[in-house]
Amino acid sequence: MVGRPYDCLANPLGAVRFTFEKAVSTAGSDPSSFDRNDWGVSDLFRDFLFDNDGLNQVPMLTPSTVKWVKPNSLVRFRGMIQDMLGNEFYVGAYKNKDIWNTNKFTDVSQFPMGTSPHTRIWERRLLYCVTVPGQNSWVDASCDGVVNTCATSASREKRQRDACSVSDEVEMQDANNAIPNSPNAKKMREGESLLPENMTGGTDCGMIMVPDFDRNNFPCLVKIYDTPESDLKLNDVLEFIGVLTFDTDVKTDDHELENCFDQEELTNLPPSKVPRLHCLIHRKLSPNDLIFKSPSMEPKHHMIKEIRQSLVQHLTVVLGDNLAANFMLLHLLSKVHVRVDSIAVGKLSLNLTGFDKSSISVFGNRINDAVKNLLPFSQCIPLTVEFLNTASLAPVKDYQTNRLVPGVLQCAEGSHVTIDETQLQSGTLNSNGVENTRLLKDLMEFQKLEYDFKYYKMKMDADVQILILSEGKSNILPADIVIPFQPSSVGSTGTVDEQTLNAWRWYLATVRSLPHTIGADMQKVVEDDMVAARQVDRSLGTEDFNRWLTMGRLMGVSYGETCLSHEHWQMVKEMERLRKERLK
């Protein structure tokens, strides 16, 4: 069997060039038909990645792996779109000695372009992406577990060429972009390189001298090709697979680079500090995609019920309060599944009251640790007057750098935010504090966050689970459910094995996305119960009924059911009865 004439992992640009030359010869030596079109590159890489199990061989770009991943090789990056920088124009195709060449998926031209009239100007989108805010360590571990391309393909590459070298046929960059051999490779400390010992010597991959990156805010400038704008939006979490270009030695005053980069891009996002990824394939990630070795099974009823039971038991141990644990489960399963006018249907914010400085020091940490272990993205906000007066909660546009400066509340869909109100003391809010209080209320009530573009403001949809820990009922942030926290014990949470944690993570990610309906018979039951409740308590309103319906839906999906049953509706009513008894 004849192998490919190019290496998709080590030399993806070779594959791009190969398909370009083939397409040009088919098109009659005129690449004008390729304007804003793909000439077969996406299909080629989809075949390699998904049909031939190539995806698992592609290294993940992280603060650890960027030190050894080779420029111009194939990488994947998982992150959130924090800012959209608009479009840039570039010379996509040009003639050199009567031969058409392409600059697509790269920043530097293969040959001097000169002033040839035979050029095609194309367009690409710029996305500033970062590690997802609040990304928890178990998600990082699954990313860093991806093997090094050099290690996995070394034996195959040795038969074709020296390991990790670029063949002359597909040589793309000048000497400045070559990775120097590293004589100290064997002395690299853990975290600086993931290469095995037998891969660190000789002509194998050397380490790039890169700046230290913040693991929680690792940036990557992603360049997108041939994709409708509607496919990608701010705060989406995606996996980008493409060609890495990153050179720490590049000089921003290099005149040659001015032809390859926008001047503003060079100044504010220098290629020596922000890696570039020229995207070949991208896909939106769901929480299930972030679970390491996610169970490959259908959500069967008996299995869902067993996992649910064990998770409720765990939450009961963490909280020392079974009723609070059951409400916490519904809270962790909540999501906005539809919007009706200004109402975000499906949200279920939770306010646990009754905390003081002593109990919050114990249970606050236990709750935060539990959430971190269960959900991919979470953060905790200690609410104080000083925080409200000084923090930047909403993103603000900086027109001098043409960047969107992120705010604390710019989160990915499905993020969890715990707000600790026990530290809030009396004080005076300044104008920023008042504005931040309004932003928090809007996020909780409407699941919308207002972005400040200086000359105008824009409210954008959000989907964030909000948990409030407070001494009394929060007056600043009125939650959907308020329940006095009454722990009966403070038992040891013990150590939960990774397999069990993954089962719980899989359960939460899977059942919260299940569809759910209410049959005609149950609709009548629910309506009758609501009418009867209203006759007993005239203070009940639309918000209360909406909350009950949300709880009914969440109770059903927590058991893996897609239709509300009489049994689950009765469980919701009993939980509400017990909650109201505590509020008396």
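Residues numbered from 1 in each chain as written. Predicted model: local features only at pLDDT ≥ 70, side-chain atom pairs only at ≥ 80, totals over all residues. Heavy atoms only, no water.

In the nomenclature of an unreviewed UniProt entry, the chain corresponds to Mini-chromosome maintenance complex-binding protein from the organism Ambrosia artemisiifolia. Regarding the chain, the UniProt comment filed under Subcellular location (unreviewed entry) reads as follows: "Nucleus". (UniProt positions renumbered as here; feature names shortened; annotations may be inferred.)

Turning next to the environment of S334. Topologically, S334 is positioned in the loop between helix 7 (322-333) and strand 7 (338-340). Placed 12 residues apart in sequence, S334 and G346 show a C-alpha to C-alpha distance of 6.0 Å. Excluding anything up to four places from it in sequence, S334 contacts G346, K347, L348, Q465, R512 and L554. At 2.7 Å, the side chain of S334 and the backbone oxygen of H331 are in polar contact. (Helix = DSSP H or I, 4+ residues; strand = E, 2+ residues; numbered from the N terminus. Contact = heavy atoms within 4.5 Å. Polar contact = N/O pair within 3.5 Å; in protein donor to acceptor, adjacent residues only side chain to side chain.)

The parallel open sheet is built from 5 strands, whose spatial order is 10-13-16-9-17. On the outer flanks of this sheet lie strand 10 (378-382) and strand 17 (481-484), each paired with one strand and no other. Each adjacent strand pair in this sheet contributes to an overall mean axis angle of 15°, direction not counted. (Pairing = 2+ DSSP bridges. Axes fitted to C-alpha atoms, helices over the stretch in contact; angles between N-to-C directions.)

Take a nonpolar patch on the surface next. A surface patch of nonpolar side chains, about 480 Å² in accessible area, is lined by Y399, Y455, Y456 and M458. Within the fold, M458 resides in strand 15 (residues 457-461). The class of M458 is partly exposed, set by a relative accessible area of 37%. (Patch = residues over 30% accessible without salt bridge, like charges linked within 9 Å, V, L, I, M, F, W, Y side chains within 5 Å. Areas by Shrake-Rupley, 256 points an atom, 1.4 Å probe, with all protein chains shown as cover. Salt bridge = Lys/Arg side-chain N within 4 Å of Asp/Glu carboxyl O. Buried < 20%, exposed > 50% of the residue type's maximum accessible area, 1.4 Å probe, protein only.)

Our next topic: the pairing of strand 2 (residues 99-102). Examined bridge by bridge, strand 1 (residues 74-96) and strand 2 share 4 bridges and lie antiparallel to one another. Residue pairing for strand 2: K95 is matched across the bridge by W100. Count of turn residues in the strand 1/strand 2 antiparallel hairpin: 2 residues, of which K97 carries a positive phi of about 55°.

Following the criterion strictly, the structure yields 13 aromatic pairs and no others. Consider the rings of W39 and W122, whose centres lie 6.0 Å apart with planes at 45°: the pair is tilted. Remark: W122 occurs in strand 3 (residues 119-130) and W39 occurs in the loop between helix 1 (12-26) and helix 2 (41-51); sequence separation between them is 83 residues. Accessibility expressed as a relative area gives 10% for W39, which makes it buried. Arranged with centres 5.3 Å apart and planes meeting at 45°, the rings of Y399 and Y455 form a pair that is tilted. Of this pair, Y399 sits in the loop between strand 11 (396-398) and strand 12 (403-405) while Y455 sits in the loop between strand 14 (448-452) and strand 15, and the two are 56 residues apart along the sequence. Relative accessible area serves as the criterion here: at 39%, Y399 is assigned to the partly exposed category. A connected cluster of aromatic rings, assembled from ring pairs, spans F20, F34, W39, Y90, F105, W122 and Y225. Over the face of the ring belonging to Y90 we find R124, whose NZ or CZ atom lies 4.0 Å from the ring centre. Taking NZ or CZ as reference, R505 lies 4.0 Å from the ring centre of W138, over its face. (Phe/Tyr/Trp six-rings, centres within 6.5 Å; stacked < 30°, edge-to-face > 60°. Lys NZ or Arg CZ within 6 Å of the ring centre and 35° of its normal.)

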